[in-house]
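# Survey of secondary and tertiary structure
This is what each chain is made of:
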Amino acid sequence: MLSVILKRLLLAVPTLIGVVVVTFLLTRALPGDPAAYFAGPAATKQAIEQVRAQLGLDKPLPVQFVRYVNDLAHGDLGNSLTTGQPVLAELRSRLPASAELTLLGLILSMSIAIPLGILAATKPGSIVDHVCRIVTTAGVSLPVFFTGLILVYVFYYLLGWAPAPLGRLDVFFSAPRTVTGFYLIDSLLAGKFDLFRAALAQLVLPALTLAIFSLAPIARMTRASMLSVLASDFVRTARASGLTRYTVVITYAFRNAMLPVITTLGMVFSFLLGANVLVEKVFAWPGIGSYAVEALIASDFAPVQGFVLTMAVMYVILNLIIDLLYGVVDPRVRIDA
Amino acid sequence: MVAVALLDIKDLTVEFHTRRGIVKAVQHVNISIGKGETLGIVGESGSGKSVTSYAVMRILDRAGSIAEGSVTFSGIDLRAAPEEQVRTMRGREMSMIFQSPRLALNPIRKVGHQIEDVLKQHAQADSAQLTNKAIEMLDHVKIARSRERYHAYPFELSGGMCQRVVIALALACRPQLLIADAPTTGLDVTTQKAVMDLVTELTRERGLSTILITHDLGLAATYCDNIVVMEKGRVIESATSTKIFKKPSHAYTRKLMQATPRPGSTLRGLLPEGEAPPVPQKIQMVPREQKPLLEVTKLVKEFPRKGLQASLSRLLGPKPAPQPENFRAVDGISFKINRGESVGLVGESGCGKSTTSMMVMRLIDKSEGAIMFDGEDIGDIAPREFAHTPFRRRIQMVFQDPTDSLNPRYTAARAIADPLLRMGGIKGAAAIRGRCEELAQQVGLPTDLLDRFPHQLSGGQKARVGIARSIALKPDLIVLDEPTAALDVSVQAVVLNLLQDLKDSLGMSYLFVSHDLNVVRLLCDRVIVMKTGQIVEQGPTEQVLFEPQAQYTRDLLAAIPHPPA
Amino acid sequence: MMTAVRKLTSGKRAVTATAAAAVAKAASAEAKQPSGLAATINHARYVIAENPVTGFAFALFALIVLCALIGPLLVPHDPLASETTAALKPPSWHHWFGTDQIGRDVFSRVIVATRLDFVIAVSSVALVFLMGGLAGVAAGFFGGWTDRIVGRLADTIMAFPLFVLAMGIVAALGNTVQNIVIATAIVNFPLYARIARSEANVRREAGFVQAARLSGNGEFRILLGQILPNIMPIMIVQMSLTMGYAILNAAGLSFIGLGVRPPTAEWGIMVAEGAAFMVSGEWWIAFFPGLALMVAVFCFNLLGDGLRDIFDPQRRT
C-alpha cells in the first residue's frame with residue numbers, strides 16, 4: 001500500500017511543478033507595484049528602487065523564480081502587504097473555517113444526492129426520476145452566490161430562523177479552544193453544547209448553499225452510472241440467481257456504480273473549492289476564500305499565490321485519496337497500481 | 001413427450017413497448033420440457049429464443065411483458081405468481097447461464113463470494129459452511145486449485161473459467177431446470193466443448209432438465225434430446241434431434257441446416273435449393289508466375305508489457321521484474337500465398353492470427369522478419385507511409401464487424417467511393433457514382449440502398465458494402481478477417497458464396513483469417529494452423545482437415561460439435 | 001483508472017439491447033426510412049414530443065437570443081439612468097422589477113444585460129472548443145507526444161480549483177470582458193480536451209478508421225474526415241452544457257469584483273450590488289438578475305440534455 005501511495009505522489013510531482021510555475025507567472029503579472037506599496041506613499045523614486053532591490057524584484061524573472069522556489073522550499077510564502085502578517089500563518093488560521101464549511105457541504109449533498117440518484121435509476125420514468133431530473137438541473141443552474149442570498153433572505157430576514165450571515169460565530173460567543181480548528185468538533189470536545197449549537201446555526205445556511213450547488217453532478221452521475229450498471233449482464237445473472245432486490249441493487253449494482261461517482265467527487269470538490277470563494281463572500285465567512293478575494297482586489301500577490309498553492313496542494317491530496325479509494329473498491333485498479 | 005411436464009409454456013406472447021409501438025417478440029409459443037430432458041431452442045438473431053427464456057425466468061426488462069399465455073413450472077403458474085415467490089424460485093428451482101461469461105459476473109466481487117451470495121440467499125448452507133460449500137462447487141465445475149480461485153476476481157480468470165463459475169452459481173442450489181442461453185458464444189471451440197461436456201455431465205448426474213438456447217443447430221443436435229426451431233418469434237418446428245437432422249419438415253429448418261457448414265457440405269450446398277447463383281466465368285489466369293504473390297519470412301511481432309508501469313516499478317521497486325520485457329504475439333512464422341490462391345489462417349483467440357493479418361496489411365509495424373509482396377519488400381514501409389504507396393491499392397481487407405467498419409456518418413455509396421476518391425484515378429461525381437453502382441451490383445447490393453446510412457442496413461447488407469469497398473480498387477490480395485463471424489448462418493452462407501464467386505471472377509488471392517475450420521474448408525485451398533504465435537501445421541486443406549499431423553489440429557477438429565448424422 | 005470505468009459503463013447493454021433492440025431492429029428494417037437530415041429532424045421531433053421539456057428549452061433559448069439581439073430596443077427605461085427620488089422602490093406597474101439603490105430600472109437592466117452575458121458565454125465556448133476540442137482530438141488520435149503534452153497541460157489546469165484559476169487569470173490580465181472570455185475558456189480547457197481525447201481515442205483503431213487507411217487516406221485526412229464528424233455531436237452537447245457554466249463563471253467573477261465593472265449592466269454585478277439589501281428586505285434588486293441568470297443557465301442545461309437525446313445513436317433505431 002505504501003508503495004502505491006509513493007507512486008501516486010511521484011506522478012503528482014510534474015503537476016505540482018506546473019502549478020508552481022503557473023502561480024508564479026500569474027502573480028507576477030498582477031497589476032500594481034509592491035515596491036511602491038512597501039516604500040509608502042511619500043517615498044521618492046530612489047527609495048522605491050531601493051525597496052525593489054531589497055525585495056529582489058529588480059532581478060530578471062528566472063532569478064526571481066529560483067528565489068521564489070527557494071522560499072517555498074523553506075515554507076516561506078511571504079508576507080501580506082495589507083496586513084503585514086506571514087501568509088502561511090494567516091492561511092493556517094483560516095483554512096479550518098473553509099475546510100469545515102466545504103466538508104459539511106459535501107457530506108450534506110452526498111447524503112441527499114446518492115440516494116436520490118439510486119432511486120431515480122431503479123425507477124426510470126417514475127415521479128422520483130422526474131424530481132431527480134428537475135432538482136439536479138435546477139441545482140446546477142443556480143448561481144451559488146444567488147442561492148446563498150435567497151437562503152439568507154428567507155431564513156434570516158423573513159423567518160428569522162437563522163442568525164445574521166456574519167461569520168462563524170455570533171459575537172456573543174467566543175471560539176472554542178483550537179484542537180482541530182473545526183468549531184463543531186472543538187466545541188463538542190470542550191463539552192460546550194450551546195457553543196456547538198451556535199456554530200452549527202452559522203454553518204447551516206452556507207453549507208446548504210454549497211450542498212445545493214454540488215447536488216446536481218453527484219446525483220446525475222449516480223443515476224447514469226446506476227442505470228448502466230443495472231442494465232449490465234452481471235446484474236441479470238444476480239437477478240436470475242434469485243438474489244433479493246436489495247442485494248442486487250446495493251451489493252451488486254451500487255458498488256460498481258460507485259466507481260464513476262468517486263471520480264466525479266474529485267471534480268465536485270474542485271467546484272466546491274471554487275464556489276467556496278463566493279459563499280464565503282456572501283456569508284462573511286473568515287475562510288481562505290474571502291482572504292484571497294480581498295488580496296486579489298488589493299493586488300496583494302503573496303496571499304493570492306499562497307492561496308492558489310494551498311488549493312492546488314489540497315486538490316492533489318484529494319485526488320490521491322480518491323485514487324486510493326478507487327483501489328479499495330475496484331480490484332482491477334489495485335492490480336494495475 | 002413425458003406425461004407431466006416440468007415446464008409448460010402455453011401460447012406465450014411477449015410484447016415490448018418501443019417507440020415504434022408494441023413489438024411482439026414472441027408469439028403464441030408452446031414449449032414443454034419433462035424432468036431430466038434436454039431441449040434445444042434454435043434460431044437466428046431476433047427469433048425470440050432468448051426472450052422466451054427471460055419470460056420463463058420473469059427477468060424481462062421494463063419495456064417487456066407477457067401479454068398472453070401461461071408458463072407453468074411444476075404446477076406453479078409463473079405468470080400469475082407474486083414476484084417474491086418467483087424470486088425465491090430463481091436460482092433454487094430454475095437457473096440460468098449466459099453468454100459472455102466474463103460480463104455475467106460482478107467484476108469487483110470475488111467469485112467465491114458471488115457463489116456464497118446465492119447459497120446464502122436460498123439458505124443452502126449456514127454461514128459456517130458457506131466457504132466450504134462454495135469451494136466444493138468450484139471443485140464440481142472442475143476448477144483446479146479451487147481454494148485459491150475462490151479469492152479470484154473475474155478479470156483474473158479466462159473466459160472458459162468464468163463460464164464454469166457461472167455454471168457453479170447456477171447449480172449451487174440444486175435447481176430442477178437449467179436454462180443455458182448461448183453459453184459458448186465467444187468461446188474457442190476447444191473451450192466450448194469442455195464447457196458443454198461439463199454442463200452435460202453435471203445435469204445428467206443431477207437429473208436436471210436443460211434448455212439450451214443457441215443459433216448453432218449442430219451444437220443443439222449434439223447435446224439435446226429434442227429441438228425447437230424458432231423464427232421471428234414463432235415456433236416453426238419441434239421434434240427429436242435425430243428426426244430434425246434426418247428429415248426437417250419445415251423449409252426454414254432445412255434452410256438453417258443447409259446453411260450450417262459441416263464436413264461434407266459444399267459452398268453452393270449452403271444455399272437453399274433454387275437460390276444458388278450461376279457459377280461465374282472463372283477468369284483465365286495468366287500462366288502462373290514462379291514467384292508467389294505474398295511471401296512472409298520469419299515474421300515476429302513483439303508487444304511491450306505495460307510501458308509506464310514497467311518503468312515506474314524499475315524506478316521504485318526493489319528489483320526489476322524477472323519476466324521478459326516483451327510479449328511475442330507472433331513468433332517467427334513463414335508462409336506463402338500464390339496468385340489466385342486462397343489461404344486459411346486458423347487458430348483460437350490469442351494465437352496471433354489477427355496480429356499477423358494486421359502486419360500483412362501494413363496497419364501495424366512488424367518487429368522482425370520480411371514481408372515480400374509481388375517480389376518487393378513491403379515490410380519496412382511504415383504503416384503511416386504505406387497509404388501513399390502504390391502497394392496500398394493492391395492489398396485490401398474485409399473486416400470482422402461490418403457495423404464497426406463503416407463510418408456511421410457515411411452513406412453506403414460514400415463508403416464504397418472512399419478508396420475510389422483517394423486512389424481510384426476516377427474523376428467526376430457521375431463516374432464515381434457509376435463505379436459504385438457497378439460494385440454494388442457485383443456484390444449483390446440493391447443500388448437503391450446505396451444512399452442509406454449503416455444503421456439503416458441489415459448485417460448482411462453492411463457486409464456487402466464492406467466487400468464492395470474492398471474490391472473497388474481491384475486488389476491482388478484481400479485479407480478477410482473473420483468476415484462472417486458477426487453474421488447469422490443463413491447470411492454467412494450467402495456471403496461465403498459471394499466471396500468465392502468474386503475471387504473466381506476477379507482472380508484475387510485471399511488470406512482468410514478464421515476460427516471456424518468448417519468455414520475455412522469451404523473457401524480455402526490451403527490452411528495454416530496457428531497456436532501461441534507459431535505455425536503448428538500448414539498444407540492443402542483436405543490434407544490438414546482429414547489427415548492432420550499435429551495433435552493441436554486434431555484437438556481442434558475433435559472439438560467441433562458432431563451432431564448425430 | 002478511467003479505462004476501467006469506461007469498460008464498465010460501456011459494457012454490453014444487456015437485456016434491453018439484446019432482446020428489445022433486436023426486435024426493434026427487425027421492425028425498423030421493414031419500415032422504409034428517410035435518410036440524412038430528414039431523419040435527424042424526424043428524430044428531433046420525436047424526442048421533443050416524448051419530452052416536452054426539451055421543446056420548452058428550445059423556446060426559451062430563442063427568447064434569450066431575441067433579448068440579446070434586440071433587448072436594448074425593447075426596454076422601457078434607460079438602464080444607466082438613475083432617478084434618485086425613485087430609489088429602492090419595490091416592483092410596480094411602472095418599474096416591473098423595482099428600482100435599485102440609485103433609482104435605475106431593474107427590469108431594463110436585466111434585459112439589456114442579456115447581450116453581454118450571452119456574448120461572453122458564446123465566445124468563451126467557441127474559443128475553448130477551438131483550443132480544447134481540437135487539441136483533445138489530436139491527442140487522442142495521434143497519441144504519443146501530442147497526447148502527453150495536452151494531457152500534462154490539462155492536468156496542470158485541473159490541479160487548480162477552476163473558479164480560483166479564473167479569478168487569478170482575470171486579476172493578472174486585467175478586468176476586461178475579453179479577459180473573462182479567455183479565463184473561462186482556459187478553465188474549461190481540460191474538460192473539452194478530455195472528452196475529445198477519449199472519443200477520438202476509442203475511434204482511433206475502429207474498423208471504419210482502419211478501412212479509411214486502406215482506402216489510402218492519410219492520417220490527417222482521417223482525423224478531419226472520419227473522426228471529427230463523429231465527435232461533433234458529443235462536442236455540441238458539451239458546448240451547450242458549458243454555456244451555462246460559462247455564464248455562471250462570468251457572473252461569479254463580476255460578483256467578487258473582478259471582470260465587468262459597474263455601472264455596466266451585467267447579471268453578476270447586479271446581484272452583487274443587491275446583495276447588501278437582501279438582509280434589509282429589498283430583495284428585488286438581487287433577485288431578478290439572479291433569476292435571469294438561473295433561467296439562462298437552466299435553459300442551456302435542458303438544451304444540452306435535449307441535444308444529447310437527439311444525437312444519442314443508441315436511442316435511434
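Everything numeric here is computed off the predicted structure, so don't read it as measured data.

### Some words on the overall build of chain C
Each helix and strand in chain C was counted, giving twelve helices and zero strands. Secondary structure elements of chain C occur, N-terminal to C-terminal, as α-α-α-α-α-α-α-α-α-α-α-α. Each of the 317 residues in chain C was classed as buried or not, and the buried ones make up 57%. When contacts within chain C are restricted to residue pairs at least 6 apart in sequence, those whose partners lie at least 24 apart make up 73%. Carbon and sulfur atoms form 69% of the exposed surface of chain C, whose accessible area is close to 12,500 Å².

### A short note on the overall build of chain B
Of regular secondary structure, chain B possesses 20 helices and 20 strands. Radius of gyration (C-alpha) of chain B: 26 Å, near the 24 Å computed for a compact globule of 565 residues. Seen through its principal axes, chain B has C-alpha atoms that stretch 70 × 70 × 50 Å. Per-residue burial over chain B gives 55% buried out of 565 residues. For chain B, the proportion of contacts with a sequence separation of at least 24, taken over those separated by at least 6, is 69%. If you sum the accessible surface of chain B, you get close to 23,400 Å²; carbon and sulfur atoms cover 51% of it. When the 70 positive and 62 negative side-chain charges of chain B are each reduced to one mean point, those points stand 2 Å apart.

### Quick word on the sheet that holds strand β3 (residues 38-42) of chain B
Residue and element names in this part refer to chain B. An order of β6-β7-β8-β3-β9-β10 is seen for the six strands of this open sheet, with the pairing classed as mixed. In the strand order of this sheet, the two ends are held by β6 (94-97) and β10 (234-240), each with one partner. Strand after strand, the sheet turns through a mean of 15° between neighbouring axes, direction not considered. One ladder, built from five bridges, connects strand β7 (residues 177-181) with strand β8 (residues 209-214); its direction is parallel. By the bridge assignment, Leu 177 is partnered in β8 with Ser 209.

### Section: the side chain of Thr 541 of chain B
All names here are of chain B. Residue placement: Thr 541 occurs in helix α19 (residues 541-546). For Thr 541, the side chain forms a polar contact with the main-chain nitrogen of Arg 526, separated by 3.4 Å. Here Thr 541 is in contact with Arg 521, Cys 524, Asp 525, Arg 526 and Val 527, once residues within four sequence places are set aside.

### Quick look at the sheet that holds strand β1 (residues 5-18) of chain B
All names here are of chain B. Spatial ordering of the open sheet is given by β2-β1-β4-β5, a layout of four strands whose pairing is antiparallel. Here the strands that pair on one side only, and so sit at the sheet edges, are β2 (21-34) and β5 (76-77). When strand β4 (residues 64-73) meets β5, the two strands line up antiparallel, connected through two bridges. Residue Thr 72 lies in a different strand from β5, and its bridge partner there is Asp 77. Lying over the sheet, helix α1 (residues 49-57) contacts β1, β2 and β4, oriented at roughly 110° with respect to β1.

### Observations regarding the pattern of salt bridges
In this structure the tally under the stated criterion is 35 salt bridges over all chains. Residues Asp 233 of chain A and Arg 236 of chain A are paired through a salt bridge, measuring 3.8 Å at the closest nitrogen-oxygen approach. Taken as a pair, Asp 233 of chain A and Arg 236 of chain A lie in helix α10 (residues 233-240) at a separation of three residues, close to a single helical turn. The two residues Asp 233 of chain A and Arg 236 of chain A agree in class, both being buried. In this structure, Asp 476 of chain B and Arg 394 of chain B form a salt bridge, with 2.6 Å as the shortest nitrogen-oxygen distance. In this pair, Asp 476 of chain B sits in the loop between α16 (459-471) and β17 (477-481) while Arg 394 of chain B sits in the loop between α13 (383-386) and β16 (395-398), placing the two residues 82 residues apart along the sequence. A residue is classified by how much of its surface remains accessible, and Arg 394 of chain B, at 24% relative accessible area, is partly exposed. Three or more residues are tied together by salt bridges with common partners; here these are Glu 302, Arg 328, Asp 331 and Glu 368 of chain B.

### Topic: the environment of Pro 303 of chain A
Residue and element names in this part refer to chain A. Positionally, Pro 303 belongs in helix α13 (residues 301-329). Pro 303 gets classed as buried once you look at its relative accessible area, which sits at 1%. When the C-alpha atoms of Pro 303 and Asp 129 are compared, they prove to be 45 Å apart, with 174 residues separating the residues in sequence. Apart from residues no more than four positions distant in its own chain, Pro 303 is found in contact with Ser 80, Val 87, Tyr 291 and Ala 295.

### Here we look at a nonpolar patch on the surface
Residues and elements named next belong to chain A. On the surface, a nonpolar cluster with roughly 470 Å² of combined accessible area is contributed by Leu 10, Val 13, Ile 17, Val 21, Leu 25 and Leu 61. The element contributing the most residues to the nonpolar patch is helix α1 (residues 2-29), with five residues. The topology assignment puts Leu 10 in helix α1. What makes Leu 10 partly exposed here is its relative accessible area of 35%.

### Quick notes on the packing of helix α5 (residues 106-142) of chain C against helix α8 (residues 177-204) of chain C
Residue and element names in this part refer to chain C. One way to put it is that α5 packs onto α8 with a least axis distance of 5 Å and a crossing angle of 35°. Crossing of α5 over α8 shows right-handed handedness. Residues belonging to the contact of α5 with α8 are distributed by class as follows: 23 nonpolar, nine polar and two charged.

### Some remarks on the packing of aromatic side chains
All names here are of chain A. Counted by the stated rule, this structure contains 19 aromatic pairs over all chains. Both rings, one in Phe 24 and one in Phe 65, keep their centres 5.0 Å apart while their planes meet at 70°; by these two values the pair is edge-to-face. Pair noted here: Phe 24 is in helix α1 and Phe 65 is in helix α4 (residues 61-73), with a separation of 41 residues, a long-range link. When its relative accessible area of 24% is taken as the criterion, Phe 65 is described as partly exposed.

### Some remarks on the interface of chain A and chain C
Facing the 57 residues of chain A at the interface are 58 residues of chain C. Looking at the side of chain A facing chain C, the largest losses of area belong to Arg 133, Phe 145 and Phe 146 of chain A, adding up to 12% of the total buried there. Counting across the interface, chain A meets chain C through zero salt bridges. The interface formed by chain A and chain C contains three residue pairs in polar contact (both at pLDDT 80 or more). At the level of elements, α1, α6 (127-141), α7 (144-158), α9 (193-230), α10, α11 (245-282), α12 (288-297) and α13 of chain A are the ones that each hand at least two residues to the side of chain A that touches chain C. Ranked by the residues each element gives to the side of chain A that touches chain C, the list is headed by α11 of chain A, at 13 residues. Partitioning the side of chain A that touches chain C into residue classes produces 38 nonpolar, eleven polar and eight charged.

### Structural notes on the confidence of the model for chain B
Reading fine detail from the predicted coordinates is not recommended where pLDDT is low. Counting all residues, the mean pLDDT for chain B is 86, and 93% of those residues have values of 70 or more. In the predicted structure, residues 307-322 of chain B sits below a pLDDT of 50 and forms nine contacts with residues beyond four places in sequence or in another chain.

### Some thoughts on the pairing of strand β9 (residues 226-231) of chain B
Every regular strand shows the same layout, with side chains that alternate between the two sheet faces. Residues and elements named next belong to chain B. Across the six residues that make up β9, a large majority, five, are buried. Inspection of the sheet shows β9 paired to β10 by six bridges, in the antiparallel sense. Counterpart to Val 228 in the pairing with β10 is Ser 238. In textbook terms, the turn of a hairpin is the stretch between consecutive antiparallel strands, and for β9 and β10 this stretch comprises two residues, one of which, Lys 232, has a positive phi near 50°.

### Here we look at unusual backbone geometry
Leave glycine aside and you will find that most residues have negative phi; peptide bonds, for their part, are mostly trans. All names here are of chain B. Notably, Asp 11 is not glycine yet its phi reads approximately 55°, a positive angle. Relative to the assigned elements, Asp 11 resides in strand β1. For Arg 58, which is not a glycine, the phi torsion comes out positive at approximately 55°. With respect to the helices and strands, Arg 58 occurs in the loop between α1 and β4.

### A look at the environment of Gly 207 of chain C
As for its placement among the helices and strands, Gly 207 of chain C is situated in helix α9 (residues 207-214). On the accessibility criterion, Gly 207 of chain C (5% relative accessible area) is buried. Between the alpha carbons of Gly 207 of chain C and Ile 269 of chain C there is a distance of 52 Å; along the sequence they are 62 residues apart. Residues in contact with Gly 207 of chain C, not counting those within four places in the same chain, are Phe 399, Asp 404 and Ser 405 of chain B.

Conventions and cut-offs
- Residues numbered from 1 in each chain as written.
- Chains lettered and ligands numbered in written order.
- Predicted model: local features only at pLDDT ≥ 70, side-chain atom pairs only at ≥ 80, totals over all residues.
- Heavy atoms only, no water.
- Helix = DSSP H or I, 4+ residues; strand = E, 2+ residues; numbered from the N terminus.
- Buried < 20%, exposed > 50% of the residue type's maximum accessible area, 1.4 Å probe, protein only.
- Contact = heavy atoms within 4.5 Å.
- Areas by Shrake-Rupley, 256 points an atom, 1.4 Å probe, with all protein chains shown as cover.
- Rg over C-alpha atoms; globule rule 2.2 N^0.38 Å.
- Lys, Arg positive; Asp, Glu negative; His and termini not counted.
- Charge placed at Lys NZ, Arg CZ, Asp CG, Glu CD.
- Pairing = 2+ DSSP bridges.
- Axes fitted to C-alpha atoms, helices over the stretch in contact; angles between N-to-C directions.
- Polar contact = N/O pair within 3.5 Å; in protein donor to acceptor, adjacent residues only side chain to side chain.
- Salt bridge = Lys/Arg side-chain N within 4 Å of Asp/Glu carboxyl O.
- Patch = residues over 30% accessible without salt bridge, like charges linked within 9 Å, V, L, I, M, F, W, Y side chains within 5 Å.
- Left-handed = near helix turned anticlockwise from the far one by under 90°.
- Nonpolar A, V, L, I, M, F, W, Y, C, P; charged D, E, K, R; others polar.
- Phe/Tyr/Trp six-rings, centres within 6.5 Å; stacked < 30°, edge-to-face > 60°.
- Buried area = accessible area lost by both parts, 1.4 Å probe.
- pLDDT = per-residue confidence, 0-100.

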